[in-house]
Amino acid sequence: YGYDLVPAGLGVPFKLYKDFVEHPPNRELREGLAALINSVKQGALSPKQLSDEVARVQQLFYTAKFPPKMVERVEQRIAKVLPGVPKVKVRSSANAEDMPNFDGAGLYASFAANLKKEADDDAPCKVVSEGVKSKVKPKTLACAMKAVFASTWNKRAIEERTFARLDHETALMGFAIVPDYELDEPVAANAVVVTRVINSRNVYGYTFAIQQGNTLVTNPDPGTLAENIIAAFNEPGEPASFAVTRFATPVAGQPALKKTVLGDKALHQLVEIIRTAEIAYCRARPDYYPNDCNYAPADPDKVRALDFELKVMESGQFICKQMREFSGR
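Residues numbered from 1 in each chain as written. Predicted model: local features only at pLDDT ≥ 70, side-chain atom pairs only at ≥ 80, totals over all residues. Heavy atoms only, no water.

> Sorry, what's going on with the layout of surface pockets here?
Any empty space left between atoms is shown by rolling a water-sized probe over those atoms. Its volume calculated, the largest pocket comes out at about 1400 Å³. For the lining of the largest pocket, the residue count by class is 18 nonpolar, 15 polar and 14 charged. (1 Å grid on protein atoms, 1.4 Å probe; cavity = no way out; pocket = protein on both sides within 12 Å on 5 of 7 lines; lining within 4 Å. Points joined across faces, edges and corners; volume = space filled by probe spheres on them. Nonpolar A, V, L, I, M, F, W, Y, C, P; charged D, E, K, R; others polar.)

> Would you mind going over the packing of aromatic side chains with me for this structure?
Note on aromatic pairs: each is described by the distance of the centres and the angle between the planes. In the structure shown here, the tally under the stated rule is 10 aromatic pairs. Just above the ring of W153 sits the side chain of R161; from NZ or CZ to the centre is 4.8 Å. When the ring centre of F233 is taken as origin, the NZ or CZ atom of R275, which lies over that ring, is 4.4 Å away. (Phe/Tyr/Trp six-rings, centres within 6.5 Å; stacked < 30°, edge-to-face > 60°. Lys NZ or Arg CZ within 6 Å of the ring centre and 35° of its normal.)

> I keep staring at the side chain of Q58 and nothing clicks. Help me out?
Along the polypeptide, Q58 turns up in helix α3 (residues 47-63). Here Q58 falls in the buried class, since its relative accessible area comes to 11%. Once residues within four sequence positions are removed from consideration, Q58 is found in contact with A150, S151, W153 and N154. (Helix = DSSP H or I, 4+ residues; strand = E, 2+ residues; numbered from the N terminus. Buried < 20%, exposed > 50% of the residue type's maximum accessible area, 1.4 Å probe, protein only. Contact = heavy atoms within 4.5 Å.)

> Before we go on, may I ask you to explain helix α4 (residues 70-81) in this structure?
Taking 1.5 Å per residue, 12 residues should reach 16 Å; α4 reaches 17 Å between its end C-alpha atoms and fits that length. When we look at burial in α4, the residues that qualify are M70, V71, V74 and I78. The arc enclosing the buried residues of α4, seen along the axis, measures out at 95°, which places them on a common side. For α4, exposure combined with an orientation more than 90 degrees from the buried face picks out R73, Q76 and K80. Those residues of α4 that are buried are in contact with β1 (10-12), α1 (14-22), β2 (87-94), α5 (141-150) and β6 (173-179). (Expected span 1.5 Å × (residues − 1). Arc of directions from axis to C-beta.)

Here is the structure:
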């Protein structure tokens, strides 16, 4: 395509979360976490009490102290991998998601950070809600890291881990740090693609959910709806045909669109990109699909699928934000 569809970035391992929580000055945080986990395991909290306890524990994350040089080490790595980038997104990447029978998409939170904003790494932070979106203040790397750590204990994450019988004591949080996607040009569309046709049997192809502009597809604003499209094909390399099952509603209270967010050319490019990536993933991970990887994109009976999040910029370029395994049907 003449450009890199995947932006440069870096991964921050789970160990930093563990070191942050276990840092000696953060005793109150450890005690608060232990009390929350114990109450959840006993089923002792009403929904309101759980919300209150979550708020209390997350506040302890926002005021906790970093181990010496932790933030500086991350800043140094960012400067090496993303030289000159002024703003980044600190994306959540927990160990309690993307597992067999537990996808976990949308349970945790990601936050933007301005690398030029200087502040005391141990200064208190706060998270403010703007509709369904949340922002951290001040918008420093340190506060973004604390806020993503704290999102391990979002109420919805606790409830879903409990339902799946996952051990909360083993939950850990890492980061994927990438550039801010809107530095160069506006976002024309957000897209989520699952490499199977969801809620169907014997239908070959992919499921698209696409929204106009930078309106969210995942955790959308109330009253907005992404368009749903089935991209159908059943042979390797066969051009897809598209069936729109719902047009997008980008603005709450306004009528739905009467045409697709992306044109026919962009939809075919999207199929090509995702098919190429799925075949490559299949070849790199032999347990993903037991047969010829060229047939993995169309097979409706495959045990696993992939879930992509992408942005489409006004120039028509695609940015793949992330890809994860998806075990849902």
